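# Coordinates in review
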Amino acid sequence: MGQKITEKIRRYWRKKSPTRGAYEKESKIGGIWLRAATVRAIKTIAQTAIATIGTSALLSDVNWKITISASVLSGILSMLTSIAGLPEVDMYEGGDN
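Every chain is numbered on its own, with residues counted from 1 as its sequence reads. Restriction of local features to residues with pLDDT of at least 70 applies here, the model being predicted, together with a cutoff of 80 or more for giving and counting side-chain atom pairs; totals for whole chains, interfaces and linings are based on all residues. Only hydrogens and water are removed before side-chain values are computed, so all heavy atoms of the structure are retained for them.

## A look at the environment of T81
Note on conventions: DSSP H or I runs of at least 4 residues are helices, E runs of at least 2 residues are strands, and numbering of each starts at the N terminus. Mapping T81 onto the fold places it in helix 3 (residues 64-82). Considered as a pair, T81 and A41 are 40 residues apart in the sequence and their alpha carbons are 9.7 Å apart.

Below is the structure:
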């Protein structure tokens, strides 16, 4: 479903844009980067939550404030680390010159 919407948006901008897709490659890479970075951040958040919850012996021993805080912080750090570069995005940058 998302692919059909994306294709409709591309067709719309190709018709309306006077440069006919001059910024298309840049926005495509930006979209790929955002998707890849978000997936990595969500995985990092989940891993941090699992590790933090796993250190408690009982469910009532879990300090939820610290668990949520550590998980959100790890997600922010993951997004900042992704700025340095993502292998998933790097393979698309040199693809169609």
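## A short note on the confidence of the model for the protein chain
pLDDT: the predictor's confidence for each residue, scored from 0 to 100. Summarising the model, the protein chain shows a mean pLDDT of 76, and 59% of its residues fall at 70 or more. When mean pLDDT is compared element by element in the protein chain, helix 3 scores highest at 94, while helix 1 (residues 2-16) scores lowest at 59. Residue contacts are defined here by distance: any two heavy atoms, one from each residue, within 4.5 Å place the two residues in contact. Contacts for the low-pLDDT stretch residues 19-26, under 50 throughout, to residues beyond four places or in other chains number seven contacts.

## Topic: a nonpolar patch on the surface
A cluster of nonpolar side chains, I53, L59, W64, I68, V72, L73, I76, L77, L80 and I83, forms an exposed patch at the surface whose accessible area comes to about 1,000 Å². Top element by residues in the nonpolar patch is helix 3. It accounts for seven residues. By the element assignment, V72 lies in helix 3. According to the relative accessible area criterion, V72 is partly exposed, its value standing at 46%. Like-charged residues within 9 Å of one another, or nonpolar side chains (Val, Leu, Ile, Met, Phe, Trp, Tyr) within 5 Å, are grouped into patches, provided each residue has over 30% relative accessible area and no salt bridge. A 1.4 Å probe and the Shrake-Rupley method give the accessible areas. Residues count as covered only by the protein chains that appear here. By definition here, a salt bridge exists when the distance from a side-chain nitrogen of Lys or Arg to a carboxyl oxygen of Asp or Glu is within 4 Å. Each residue is assigned to one of three classes by its accessible area relative to the maximum for its type, calculated with a 1.4 Å probe on protein chains only: buried under 20%, partly exposed between the two thresholds, exposed over 50%.

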